[in-house]
Amino acid sequence: MFELMDGFLKNDPVSLQKDILHHVEYTVARSRFSFDDFEAYQALSHSVRDRLIERWHDTQQHFKKKDPKRLYFLSLEFLMGRSLSNSVINLGIKDQCAEALSQLGFEYEVLAEQEGDAALGNGGLARLSACQMDSLATLDFPAWGYGLRYQYGLFRQIIIDGFQHEQPDYWLNFGNPWEIERVHVSYPVKFYGSVKEEVVNGKKCKVWIPGETVEAVAYDNPIPGYGTRNTINLRLWAAKPSEGLDIESYNTGDYINAIVNRQKAEIISNVLYPDDRSYQGKELRLKQQYFFVSASLQDIVRRFKDMHNNFDEFPDKVALQLNDTHPSISVVELMRMLLDEEHLSWKRSWNIVCKVFTFTTHTVLPEALEKVPMDLFETVLPRHLQIIYDINFAFMEELKNKIGKDYVRLSRMSIVEEGAVKNIRMANLSIVCSHTVNGVSRAHSELLKTRVFMDFYELWPEKFQYKTNGVTQRRWIVVSNPSLCALISKWLRTESWIHDVDLLTHLKNHASNPELQHEWKMVKKINKMRLAEYIETMSGVKVSLDAMFDVQIKRIHEYKRQFLNILGVIHRYDCIKNMEESDRRKVVPRVCIIGGKAPPGYEIAKKIIKLCHAVAEKINNDTDIGDLLKLVFIPDYNVSVAELVIPGSDLSQHISTAGHEASGTGSMKFLMNGCLLLATADGSTNEIIEEIGAENMFIFGAKMNEVPKLREKESTIKAPLQFRRVVRMVRDGYFGFKDYFKSLCDTVENGKDFYLLGSDFTSYLEAQAAADRAYVDKEKWCKMSVLSTAGSGRFSSDRTIEDYAEKTWGIKPCKLPL
Ligand SMILES: CCc1ccc([C@H](C)CC(=O)N[C@@H]2O[C@H](CO)[C@@H](O)[C@H](O)[C@H]2O)cc1
């Protein structure tokens, strides 16, 4: 059946073909003589899965044998996207698969398109988790990811008459070949109920009597490293009704009710919260957080106890990473397990907890900092609330000793927020219980130290670090831009840059080489053609390849200023309309591309999407303008769409008001693909400027330290005329929907321009004009493009993970012998 070679499945095209046909027949259960593209995709996926499982088993065995310190990455969101291409490339079998399929009459690229995205996350934080898992595997670190297996991922964005509509993303409809259900790996998770005191072997201890128990079942997703056999695990939990029978309903013969009650259990892991702005303090959200944390910690402690029986060794063997505050209830859950189940003393338990946790925050916005209403905690997790109070009491005492009775500062730092409604500050709890706290760019960490967590920085400066984000070049070059990948390998005369990304700097030597430039431009053209086709298919708009493809793709949010981009397009349109024919000939043709989802309840963000369509409607049908300017909104932006759009982009915009984007990771993906950045000096862009030089970018706008002052006097200074003119056009209904856009216009006028679109408008237009001037100088532009890719190595998630491993987690590679 399977051609085995010393225990490994063979990867030559014939063996792969046999395996594919085997799965067509026995897994997909279709006759091997007639099956369609989707069934061929399923069969191929299962053949690749078999090879992942082998490596997964060997890796876990090896980790078990070596018993290294492990990292457990706790995140409520993982934006994995598609798995097939990433897997065959990391396994090094893409060509063999393509060969095996073509002999069966199928085309690899066509099958790869059959796969739906695993969209188990919202945006930056979620995709960063996925990139970091790829680097953890590739760098052979003994790591596990833990999260939730949502039945419904991030909603599908349907655009009807220019308006966003959300559709449920039932991504598991046709099964998921990339996961393995582990029916034997399941844990009970408790909720509600009460706490009573009992005396156990002479010692008083707390016992939590739950009101509801739900079963957590594990689904494993093998994560293959590139160029290594190491394959680590992403374990996602799904909620199932626990075996316990609801006798009560049965006796009353209310059978249906019994079933309905049981089904209620499954709701917990059903749907991803689609809002990455503010915390809504919802009960289900807290239950989701505790559900995956409790199951994960039970699994982690079980694995530790398999090899150890002294918990003082726990910090030597375990590092627990909190991906923002969403999993931070785990610091309390570990305390509860050590106190109530392992019966360790408070002191020993506290000592262990503070040595294992590390906390990364991803936002600057105060409103995104999670605060859980105290009474919600009391209801859902009564024992945990007790422990939080005990932690806070000890902390407040320690603080008083250090800073005296400064009650204002004490109340700012307290984990418990007093007031009409008492809240638990999850960020404060995370900082108090973690030995290291970091922001996701240097600029972001400065803001944490000087503003967001200033009190804590003054108390514990040694805890604060920064770890600038990164993205994986495997997915963002090798998978999504194969022609660029081949070109880089050709000129660097090696493929080892794929796992040793600093080698990219050697491209600098060839940046002005005409031969390389010619090939570089060809690669960009090929990718622009693919993107142009997609645009025409999705929007019916025909775009010219000679135009500059100017792209802004990310979640829609006022601080990311998609509205500024659209007002810039209106200005450009207005200028062209009022130009003499002679001047029009000097206009640099542009295709402006915007994409992104708005959180369902975020009205202003939804109005920005509608305005984009209304302006596009006007411009794209204005024969007077022709190909000089097009505006396109790409619907249902997700990981796979990004893989198509980024390689075909000439210019990308990252124009958040300085001091608002914690890092930004989209910019890094564009950089790797030789796309130039038009940006504000915000988040990680400051470090990109250092790496490739502002002369190879188009930087504009107020600097972070200028924003607070500008905000103060914003209401007094008049916005530039050009800005007032374009806002006026929207307000007067030039693009229709006059009343609908009023509130959007109000966000930038009458002294309320909080995100400073007006005061940044002039320098924004200047940066856009500078981009136009550079674009017509093809050699100059191409050189800037090559230098962008050459300088992008620092922004690989490999560098990010090496930073965390060395300076935060204290873990070492544990490579499976070949
Ligand atoms: C409570 C709802 C919620 C859900 C998700 C989030 C995320 C933290 C938001 C997010 O994705 N932040 C982005 O994280 C990226 C990865 O570090 C950064 O690059 C972005 O700058 C940051 O906005 C906040 C609030």
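The name given to the chain in an unreviewed UniProt entry is Alpha-1,4 glucan phosphorylase, with Lactuca saligna as the source organism. For the record of the chain, the UniProt heading Function (unreviewed entry) holds the text "Allosteric enzyme that catalyzes the rate-limiting step in glycogen catabolism, the phosphorolytic cleavage of glycogen to produce glucose-1-phosphate, and plays a central role in maintaining cellular and organismal glucose homeostasis." In its Catalytic activity (unreviewed entry) section, the UniProt record describing the chain reads: "[(1->4)-alpha-D-glucosyl](n) + phosphate = [(1->4)-alpha-D-glucosyl](n-1) + alpha-D-glucose 1-phosphate".

A word on the domain arrangement of the chain
By domain assignment, the chain separates into domain 1 (1-66 + 83-114), domain 2 (70-82 + 117-149 + 177-467) and domain 3 (489-795). One C-alpha centre belongs to domain 2, the other to domain 3; they are set 37 Å apart. In this complex, domain 2 contributes 26 residues to the contact, which on the side of domain 3 involves 26 residues. Taken together, both faces of the contact between domain 2 and domain 3 bury some 2100 Å²; the carbon and sulfur share is 60%.

Quick notes on the UniProt feature "modified residue: N6-(pyridoxal phosphate)lysine" (unreviewed entry) in the chain
Within this structure's numbering, the places UniProt gives as "modified residue: N6-(pyridoxal phosphate)lysine" (unreviewed entry) are Lys669. Relative to the helices and strands, Lys669 is located in helix 26 (residues 666-672). Among all residues touching Lys669, those that are not within four sequence positions of it are Arg127, Val471, Trp476 and Ile646.

Comments concerning the pattern of salt bridges
This structure, assessed with the given rule, holds 65 salt bridges. Linking Arg30 and Glu39 is a salt bridge whose minimum nitrogen-to-oxygen distance equals 3.2 Å. Owing to a relative accessible area of 13%, Glu39 belongs among the buried residues under this scheme. Asp169 is the salt-bridge partner of Arg156, the closest N and O atoms lying 2.8 Å from each other. One end of the pair, Arg156, is in strand 7 (residues 153-160); the other, Asp169, is in strand 8 (residues 163-169), with 13 residues separating them in the sequence. Among the residues examined, Arg156 registers a relative accessible area of 35% and is labelled partly exposed. Overlapping salt bridges, with partners in common, bring together Arg182, Asp220, Arg235, Asp299, Arg302, Arg303 and Asp306 in one network.

Some points on the sheet that holds strand 15 (residues 357-360)
The mixed open sheet is built from nine strands, whose spatial order is 9-12-13-6-3-14-15-19-20. Only two strands of the sheet have a single partner each, and these edge strands are strand 9 (180-191) and strand 20 (464-466). In this sheet, adjacent strand axes meet at a mean angle of 25° when their direction is disregarded. Here four bridges tie strand 3 (residues 70-74) to strand 6 (residues 143-148), and the two strands are oriented parallel to one another.

Remarks on the nonpolar core
Here is a general trend for soluble globular proteins: nonpolar side chains tend to be buried in one another's company. Counting residues in hydrophobic clusters, the biggest one holds 170 residues, and the most contacted among them are Trp237, Phe291, Phe314, Leu334 and Phe377. It is helix 9 (residues 283-307) that contributes the most residues to this core, ten residues altogether. When residues are assigned to domains, this core turns out to be shared by domain 2 (70-82 + 117-149 + 177-467) and domain 3 (489-795), each giving three or more. Among the nonpolar cores identified, the runner-up in size contains 61 residues, and Cys592, Ile609, Leu631 and Val726 belong to it.

What counts as what
- Residues numbered from 1 in each chain as written.
- Predicted model: local features only at pLDDT ≥ 70, side-chain atom pairs only at ≥ 80, totals over all residues.
- Heavy atoms only, no water.
- UniProt positions renumbered as here; feature names shortened; annotations may be inferred.
- Domains from an automatic or database assignment.
- Contact = heavy atoms within 4.5 Å.
- Buried area = accessible area lost by both parts, 1.4 Å probe.
- Helix = DSSP H or I, 4+ residues; strand = E, 2+ residues; numbered from the N terminus.
- Salt bridge = Lys/Arg side-chain N within 4 Å of Asp/Glu carboxyl O.
- Buried < 20%, exposed > 50% of the residue type's maximum accessible area, 1.4 Å probe, protein only.
- Pairing = 2+ DSSP bridges.
- Axes fitted to C-alpha atoms, helices over the stretch in contact; angles between N-to-C directions.
- Core = buried A, V, L, I, M, F, W, Y, C linked by side-chain atoms within 4.5 Å.

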